Each structure stands twice: as C-alpha cells, then as structure tokens.
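Notes for the structure review
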Amino acid sequence: MTDTATEPSRKTSLKGSRGGEAGDRVFSGLALTAGIVILLVLAFVAVFLLIESLPALWPEVFSDQDSIESADTFWQYVWPLMAGTLIASIIAILLATPVAVGIALYISHYAPRSIATPVGYVIDLLAAIPSVVFGAWGMTVLAGAMVPIYAWLNEYLGWIPLFGGTPTTTGRTLLTSGVVLAVMILPIITSLCREIFLQTPKLHEEAALALGATRWEMIKMTVFPFARAGIVSSIMLGLGRALGETMAVTLVLSPGIFSWSLIQSGRNATIPSEIALNFPEAFGMRQSELIAAGLMLFIITLAVNMVARWIVSRHKEFSGAN
Amino acid sequence: MSKRIDAVDLNVYYGNFRAVEGVNINIEPRSVTAFIGPSGCGKTTFLRTINRMHEVLPGARAEGRLLLDGEDIYAPGVDPVTVRTMVGMVFQRPNPFPTMSIRDNILAGYKLNGTRMSKSTADGIVEKSLRGANLWEEVKDRLDKPGSGLSGGQQQRLCIARSIAVEPDVILMDEPCSALDPISTLAIEDLINELKDNYTVVIVTHNMQQAARVADKTAFFNIAGTGKPGKLIEYDDTSVIFNNPSNKQTEDYVSGRFG
Amino acid sequence: MTISNDTAAPQRTSVPGGKKKNSLTAGQKPGWTWIAVLAGALVVAAGITALLGGGAFSWVGWLIIAAVLYVLGMYLVTRVIENARRATDGLWQNLVWAAFLLALIPLISVIWAVVANGLPTLLETPQLLWRDMQGVTGSDDIATQTEGAPLAGGFLHGLVGTLMITLLATVISVPIGLLTSIYLVEYGRGGWFSRAIVFFVDVMTGIPSIVAGLFAFAAVQLVITTFIGDGPRQLQMVKMGLTAAIALSVLMIPVVVRSTEEMLRVVPNELREASYALGVRKWRTIFKVVLPTAMSGIASGVTLSIARVTGETAPILVTAGYIATTNWNPFDGWMTALPVYIYRQLINPTAPAAGDPSAERAWAAALVLIVIVMLLNLIARIVAKAFAPKKTGR
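Residues numbered from 1 in each chain as written. Chains lettered and ligands numbered in written order. Predicted model: local features only at pLDDT ≥ 70, side-chain atom pairs only at ≥ 80, totals over all residues.

**Some thoughts on the overall build of chain B**
For chain B, the count of helices and strands is eleven helices and ten strands. Relative to a compact globule of 259 residues, whose C-alpha radius of gyration would be 18 Å, chain B shows 18 Å and is just as compact. Considering only C-alpha atoms, chain B reaches an extent of 55 × 45 × 30 Å along its principal axes. For chain B, the residues scored as buried account for 52% of the 259 residues in total. Put simply, 69% of the contacts in chain B that link residues at least 6 apart link residues at least 24 apart. (Helix = DSSP H or I, 4+ residues; strand = E, 2+ residues; numbered from the N terminus. Rg over C-alpha atoms; globule rule 2.2 N^0.38 Å. Buried ≥ 20, exposed ≤ 12 C-beta atoms within 10 Å, placed from the backbone. Contact = placed C-beta atoms within 7 Å.)

As structure tokens, then:
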C-alpha cells in the first residue's frame, strides 16, 4: 500500500479551507431539533388529549349527543374516579413514607458500608419489578392475606366510616391497592431521600456529634433540617407516580361506585384502572370519556410534579447543595 | 516553522466584564516567553486568546488584533479551528484522552479530524513526536497501553508530544508544571529548552524561579484590584525583569513583596 | 471522685487494665440485655396472640406483636438503666431497622410468589416459550384443569411483541434523547431554551404511563383519520406496534435524557479543551472524545430505560391491542406484549370457568418477564462498572 494521504497537509495560512465546518452546523442543528421535538411532544400530549376529550367535556358543542354515556355530566362521571385515585395514592404515601425515610436513613447513617451498598441494590431491585407483576402478586397473595386484617378492622374499628360496611371476602379493595402502591413507590422515595441525606454537610454532622449528641439527636439536628424540602418533594414525586400507576390497581381492585369504606370489594375505582379496563373495548363517546378522564389525571400529576420540582429548585438556591 | 506573535491593543471580555485591557506585546519566533503575575491578573486569559481557546467559554470575546506572522487571527472569516492547528496548547493538568492508547493519543490531532494515513507515516509521527518530548525511550515498549497509566510527568510530556505531533508553529503552556513533582518539573523544563529550537513557546507560570530558568523574555501582568481588568505591566528580557525592572510593581512582585 | 461512693471508682483503682468497667462505660446496660428483652417479647407476644386469636394461632400476628414489644421493651429498659437520650437514640435505631426489615417482606414475597408459581410450570412445559395462543380455546384449558391434559398455548407472541415494540421505542427514543442531552450539555450553555427543556423533561418524567398510551393512541388516530380516512377499517389500523412504541418513547425519552446528561457532565472539560487545542472541530470532539468517554454510563442508562419500559403494561394495552397469534410486523396489526399477556390471562382467563391454566401461563410469563428485566438491570450495572474508562490523573 502506498501512502494515500502521505504527510498530512500543513496549513501555512489562516485563510484556508473551512473543511468540516458544515458538520458543526449540521450537528448543532440536529441537537437543537431533538430538543424542540421533546417540547413539541409534550405540547402534543396536551393538545391531542384535549382535542380527543372535547366531546366528553362539552357534549352539546363537540358531539351530536346531548350528554355523555356513563353519567349525566362529565364531572359526575369523573369525580368518584378522581376521589378513588387520590384516596389510594394517599394511603400509599402514608404507608410508604415512614418506611422509605427509615430505609434511607438506614442506608445513609446507620448501616455499615458493607451492608448499605447491598441494601441499596435490594431497593433498586424492588424498583425494577414490573408493575404487572406487583399487580399479580397483590391480587393473588396480598389480597388473601389482608382478608383477616379487614375483618379485624371492621370488628373493632367499624365505627370509623373508612372501615365500615360489609368487609370483603376477597381482599380486593382500595386499601389493598393502596398497600401495593405503597410497595411500588417505596423505592422511589427511598432513593431520592437517600441522595438528599447523603448530601448533608459532613461538617454539620461532625459538629453535632462533637457536642455529645447521640446519633438520633445528630440526625434530628442536622439531617432533617437540611433535608426537609427534599423529603417533601420526594414524597410529592412518589405521589405523582402512585396517581398514575395503572396495572397494580387494575389487577387488585374490584371496582365499583364510590364509597368511604376502604375495606369493601366492588367499591371505588381509580382513573388509570378505569381507562385500562374499559379502553380496549371503547369507541366513540365512551372513548372520549376515558381520554378526558386521562386528561384529568394528566393535569393532577402535572400539578403534583410541578409543585415537587418547584420545592426542589427553591431549596437548591439556598442550601448550597449541588 | 515557528511564527512571531504580535498583540495590538488586545482587550478580552467575559460578557460585560473586561478581564484583560490593552495588551501590546511582540513575541519573537524560536524563543521562550514567560507570563508571570498574581492570580486573576489575566495572564491565562490572554494566553488563551492566542489560539482563540477563550471562545470555548460562554460569553468570552476578544477585541483588538492578534497577529501570527502578520496575519490577524481575529480577522473576519478566520476559522478558530485553523488557528488552533497552528497554535497548540498544553494545560495545567495533564489530560491524555482516557479512552485512547499512548499511540492514539499522539495521533489524536489527526485521528479526531478523520485524517487517513498509512501505518508507516503514523509510526513516523509517533516516534518523532515522542522523541521530541523526551518520552520515546520510556514508552516505546507500551505504545498500546492507555495513556492514563503513565505518571503525572510522563502524562504531561505525552500531552506535549500530542500537541507537537500536529506540527504547530506556536506552543502555549498554561502552568504546565503546577500539578507535577520537582523531578517531573525538571524534565519538562529541559524539554521546553529544546522546544524553542523549533517553536515559539509561551508559558504561563506561577513559579518565578521557573520563569527565570526557562524564559528568554518575561511579561509581568497585574491587576489594580478585584473587578478591575488585568494589564500587561512590563515586558522585557528575563534578566532585566528579575534583576533590574523598570516598574515598581514588577520589582515588588519579583522580590516577593506581594502576590 | 475518689472520695465519692461511686461503685465504679474503687474497681477502677483496684484492677487497672482488668476487664472491669471504667468510668467511661459505667452505667451502661449489659451486652446481653437485648437477648433478654427479645426472649421476653417473644414469650409475651405468644401469649397475647393466643388470647386474641382464640383458637387459631397466627404466626404473622405473633411476629408483629413480638417486634412491637421488643422495640418498646428496649426503650423502657434503656431508659431505666441508662437515660432518656440514649433510650430515644436506641428507639429510633430499632425503628430504622424495622423499616428496612418491613420493606424486605414484600420484596421476598413478590419474588417467592413469581418463582413458586412460575418455575414449576415453566420447567414442566417449556414449550410455553415457543408457542403462541393460536387455536387455544377454553375447552383445552378445561381439559387441562379437569383431566390433567398438558398445558396448551404459550407466550411466544408476547415475547415477540415486547421485543419488537421495545426495539422500535429504543430506535425512536435513543437518538432524540442523546441529541437532546448533547444540546443541553454542549450547546445550550444554560440559556433559557435549555432551561425550558430541562423543566419539561422533568414534567415528562411524571407523565402517567397510561396517559402516554392515550396520547400515542390519540395522536395516531388523528393522523390516520386525517390522512387515510375514518372508516372502521382505518380506525382498526390505529392499534399497532408502532403506536405502542410511540407511547413507550414518551416514557423513555426523559429517562435517556436525564441519565445521558448526567454522564456527559461528568466528562472533564479538560478533555474537550485538549481536543479543541489540537484543532479538532466541536462536533468531532463530541463524537470522538466526549461520547466515547461517557459511553459506558450512557449505555448503562439506556439499558436501564429499556428495562423500565419492557415492564410497562398500560400504555401497550391501550395502543397495541391483544391477539393470540404471533405478529412480527409492528407497523400493521395488533400485537401482544408480555406484560399485557400476563394481565389478560389473569383478568380474562381463556376458559372463564377454568382459570388455573391461564394463571399458570401468566405466572410463567411473569417469571420470564422478571428475568428479562433483571438481566437488563444486571447488564446495565456490569456495563457501567466494567467499561468505565480509567480516571485520568494519579
């Protein structure tokens, strides 16, 4: 093989060719385009959902029917679903938060390093399990295990409306769904909290310990004040995830009309599971109703997530973390 | 092969902040010129304008003229990439490409630009550049090992070899020894002495002894205070700057009274 | 000190260096306290459980009550022997431990349920892996359940569907995600537009998966009705692998952007400057220096995002439909994904009167799905660890 390019040509003057400059422009253009695509996609999500749900939101204007199919008005149809979604998610948050904060503290401040790393892996493992598997587990294993607990709750705490009514015999209730959701959002809250706890300035911690504080006092004095906003926002992010979780609830819950009782089967429903159960067979107005319900879910989760991000960004400015 | 550098009324800005003000300097070819001065006095900023590296930072721009053998590198239509092929640069911390072998690091200037060359040409460039950087004997048996496996001083010489491989006219060095131990520093200083046979070398250093050891001429930069622009105070033969400076600030600095 | 009646003082002076207590460890509870409290808690809990449960003894109830009693007991004992501060410290330490153990229960239970239900079926009828549900009817399942006939059907179509949909989603999301993160790190320079992208990517992370599915469905439906027509045949066309891939892309892009962005930011600026100083153009620097340096992290992030969408059910359910036959073409016709298969088999068994064979297939499929997802996670970890370039410097 003879030298094809031989000695690479040397430029002796500044006014040479500008070879490859087009590459720069093409590539930066491509990168910018990708960013624009993302913004467009998000805009489309909102616009498409809105367009497709208009017939259900204002049937008099946007469809040839006077009202929607499942109820007189859309709000009548959607409020029990929204209530069910919120109740299940709040149960999940109430159950998951203490455990998640505990595990995060365990990893960041209690466990020795040799244990903390595997525990982190285990939590990540929990996050990796597909939601449909959680749903199958909730439906077959957890629901059955919860039945005696429900009977007990009803017997002793039945005077509280939440535990009133006829207790379930299958365990497929909103409370069971909430428990499954709690397990599913546990790793999310845990890993976010762990990050924040680990960012606590070491100097503050050591200062507290040097003053003779016990470990718990040190955590109370330095870690929690530092991490408060972060904990709140990770809870919000977990809430956002729980609100939108579909399969676990769809598999576990046997849905029905709204009820304050959390331990009855055939009561309550959530927006995601309503969509998943009915969308495959829906068409026309019913489809619009479901998409409109999805739009409501989108708006709720959007609000929750934005509040969470807002807390994070506001916190960042004065914490000096990052 | 080596070119002279002339700065004419050069100002450097970061956004609205003027970092360096009104630099006029003439740097001879085949010489070593050292820039000294306190931290933040604009010597590194000015160094980076010689190959337009300051433009990498957002909002940075230069006004005035900077001539390479009489050609203005800030003239309209001049491509900064062309300037950088003529003016190489060595950085404060050795920065060999971690994904490349020693050999590929030397050839990076060609390979990254997609230049094709035969193996024999490439071998020639590798050997010549490594010999030029006094590194050939130490690494000739492990050219295919990653460059990050070398010691700090060897890495820095590898970086020098990498920049001379593309045969620039000028080599800029931004505190090239500040991250190295004394023995590695000595090796680099010896190398700088040899490099001036072929290149125009400009070196920024915090170490005044180093400037005195390696530089033919020395430029002293200073700032009046924080928020004020850096200025070129005095530029003369190294012996004059260190033994008989004409400016009071220079005298205070080289005698260790401040900075 | 020496003249006080403190019991520790004479001991210390009499036996220097012996294993007697010194003043620093004085007043501490002995090392065996926790064993005593634990034993007490277990015994008392057994009694309470027996009383409460009447006839049946609940093991779970016993453990829960014992745990509560142990934590309380340790608090009280420490409080009496030592002081309130130490007791509170110990209480919280025990609670933190309890939180960790509590989280292990569902994890172990889930994995046990999947393995115990799925593995025997899969070992007995490995044919499930390469058969689909074509021609499988309720009568086959009734025969399986009542007469012990071999399990019919399988989930090849689910594997194929998941593979094709995930592949297509990856092909759509990875270039967009990569380019966007390159824009954010290399070109955007923190301007208002890049800040807007960061914000909306965060928003996108929070989109419920079912909403992503609805969006893809609505978008494709709008495109098809606008350009092809709105007859029943055309409306049928909306559900296909591509629609599902679009839905998954909406979920995948933000994950890819965030992880890649993080990896690109870790690449030291010195490397970029070294490349620029050699007279290399920015786009070549990005391609040949920045991306190779960050490659292992990017690959691991992409793998994790694939793992995440592989397990998604809801968006595929509303966008790709559900069929019994294997469909390799994501651009035409309904497709079944593995998670959707699991869901449908559990909710609508093939033979409504005989659900067991369907459940068995579902659990076997769940096992396969978990193995796939775990493998992807494992690969991501290995890639991140093994191929990370060695750090520069000493």
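Following the structure, the description resumes.
**What to know about the overall build of chain C**
Helix and strand counts for chain C stand at 15 helices and zero strands. For 394 residues, the compact-globule estimate of 2.2 N^0.38 gives 21 Å, and chain C exceeds it by more than 25% at 31 Å. Counting only C-alpha atoms, chain C reaches 100 × 80 × 35 Å along its principal axes. The buried share of chain C, taken over its 394 residues, is 48%.

**A word on unusual backbone geometry**
Residues other than glycine predominantly adopt negative phi, and peptide bonds predominantly adopt the trans conformation. All names here are of chain B. The residue Arg-52 is not glycine, and still its phi comes out positive at about 60°. By the element assignment, Arg-52 lies in the loop between helix H1 (43-50) and strand E4 (60-68). A residue is classified by how many C-beta atoms lie within 10 Å of it, and Arg-52, with 22 of them, is buried. Although it is not a glycine, Asp-69 sits at a positive phi angle of roughly 50°. Mapping Asp-69 onto the fold places it in the loop between E4 and strand E5 (71-72). By C-beta crowding, Asp-69 is classed as partly exposed, having 17 other C-beta atoms within 10 Å.

**Side note on the packing of helix H3 (residues 59-81) of chain C against helix H4 (residues 84-124) of chain C**
Residues and elements named next belong to chain C. Look at H3 against H4: their axes get within 7 Å of each other, and the N-to-C directions meet at 160°. When the axis of H3 is compared with that of H4, the two are roughly antiparallel. Crossing of H3 over H4 shows right-handed handedness. When H3 is examined against H4, the residues Ala-67, Val-71, Met-74, Tyr-75, Thr-78 and Arg-79 are found in contact with a partner set consisting of Ala-84, Arg-86, Ala-87, Gly-90, Leu-91, Asn-94, Leu-95 and Ala-98. (Axes fitted to C-alpha atoms, helices over the stretch in contact; angles between N-to-C directions. Parallel < 35°, antiparallel > 145°, perpendicular 65-115°, else oblique. Left-handed = near helix turned anticlockwise from the far one by under 90°.)

**Observations concerning the environment of C:Leu338**
Residue and element names in this part refer to chain C. Looking at the element boundaries, Leu-338 is found in helix H14 (residues 338-347). On the basis of neighbour count, Leu-338 is assigned to the buried category, with 28 C-beta atoms found within 10 Å. As for Leu-338 and Thr-121, which are separated by 217 residues in sequence, their C-alpha atoms are 16 Å apart. When sequence neighbours within four positions are dropped, the list of residues in contact with Leu-338 reads Phe-155, Gly-158, Leu-159, Thr-162, Ala-365, Val-368 and Leu-369.

**Considerations on the sheet that holds E5(B)**
Read from one edge to the other, the open sheet built from ten strands follows the order E5-E4-E1-E2-E10-E9-E3-E8-E7-E6 (chain B), with strand pairing classed as mixed. At either margin of the open sheet sits one strand with a lone partner, and together these are E5 and strand E6 (87-90) of chain B. (Pairing = 2+ DSSP bridges.)

**Let's talk about the nonpolar core**
Residues A:Val133, C:Phe215, C:Val250, C:Ile342 and C:Ala366 are the most contacted members of the largest nonpolar core, which totals 277 residues. The element best represented in this core is helix H3 (residues 74-110) of chain A, accounting for 18 residues. Contacts of C:Phe215, omitting those with residues within four sequence positions, involve A:Val45, A:Phe48, A:Leu49, C:Ala247 and C:Val250. Listed in part, the ten residues of the second largest apolar core include C:Ala41, C:Ala66, C:Met74 and C:Ala87. (Core = buried A, V, L, I, M, F, W, Y, C linked by C-beta atoms within 7 Å.)

**Concerning the interface of chain C and chain A**
Across the boundary between the two partners, chain C contributes 67 residues, which contact 69 residues of chain A. Per element, the largest residue contribution to the side of chain C that touches chain A is 19 residues, and it comes from H4(C). When its residues are assigned to classes, the side of chain C that touches chain A shows 51 nonpolar, ten polar and six charged. (Nonpolar A, V, L, I, M, F, W, Y, C, P; charged D, E, K, R; others polar.)

**With respect to the domain arrangement of chain C**
Residues and elements named next belong to chain C. Split into domains, chain C comes out as domain 1 (30-121) and domain 2 (156-386). Between the C-alpha centres of domain 1 and domain 2 there is a distance of 42 Å. The interface is formed by six residues belonging to domain 1 together with six residues belonging to domain 2. For the side of domain 1 that touches domain 2, the residue count by class is three nonpolar, three polar and no charged. (Domains from an automatic or database assignment.)

**A look at the packing of helix H10 (residues 241-266) of chain C against helix H12 (residues 282-310) of chain C**
Each pair of packed helices can be summarised by the angle the axes make with each other and by the distance between the axes. Residues and elements named next belong to chain C. Direction vectors running N to C along H10 and H12 enclose 150°, while the axes themselves pass 8 Å from each other. Judged by the angle between their axes, H10 and H12 are roughly antiparallel. Between H10 and H12 lies a crossing of right-handed hand. On the side of H10, the interface is formed by Leu-248, Leu-251, Met-252, Val-255, Val-256, Ser-259, Thr-260, Met-263, Leu-264 and Val-266, while H12 contributes Val-290, Ala-294, Gly-297, Ile-298, Gly-301, Val-302, Leu-304, Ser-305, Arg-308 and Val-309. Classifying every residue of the contact of H10 with H12 gives 14 nonpolar, five polar and one charged.

**Regarding the pairing of strand E9 (residues 217-223) of chain B**
Along any regular strand, the residues point their side chains to alternate faces of the sheet. All names here are of chain B. Buried residues dominate E9, accounting for seven of its seven residues. Residue alternation in E9 divides its side chains into two sets, Lys-217, Ala-219, Phe-221 and Ile-223 and Thr-218, Phe-220 and Asn-222, and both sets are buried. Both strand E3 (residues 32-36) and E9 contribute to a ladder of four bridges, which runs parallel. Within E9, the residue paired with Ile-36 across the bridge is Phe-220.

**What about the environment of A:Leu105?**
If you trace the backbone, A:Leu105 turns up in helix H3. For the pair A:Leu105 and A:Leu239, spaced 134 residues apart in the sequence, the C-alpha separation amounts to 20 Å. Other than its neighbours up to four places away in sequence, A:Leu105 contacts A:Tyr110, A:Phe197, A:Ile219 and C:Val96.

**Remarks on the environment of B:Phe35**
Residue and element names in this part refer to chain B. Secondary-structure assignment places Phe-35 in strand E3. The spacing of Phe-35 and Phe-46 is eleven residues in sequence and 9.5 Å in space, taken between C-alpha atoms. Each residue touching Phe-35, except ones within four places of it in the same chain, is listed here: Lys-43, Leu-47, Val-204, Ala-219 and Phe-221.

**Observations concerning the pairing of E4(B)**
Residue and element names in this part refer to chain B. As judged from the eight bridges shared by strand E1 (residues 5-14) and E4, these two strands associate in the antiparallel manner. Directly across from Tyr-14, in E4, lies its bridge partner Ala-60. The loop that links E4 with its antiparallel partner E5 comprises two residues; one of these, Asp-69, has a positive phi angle of about 50°.

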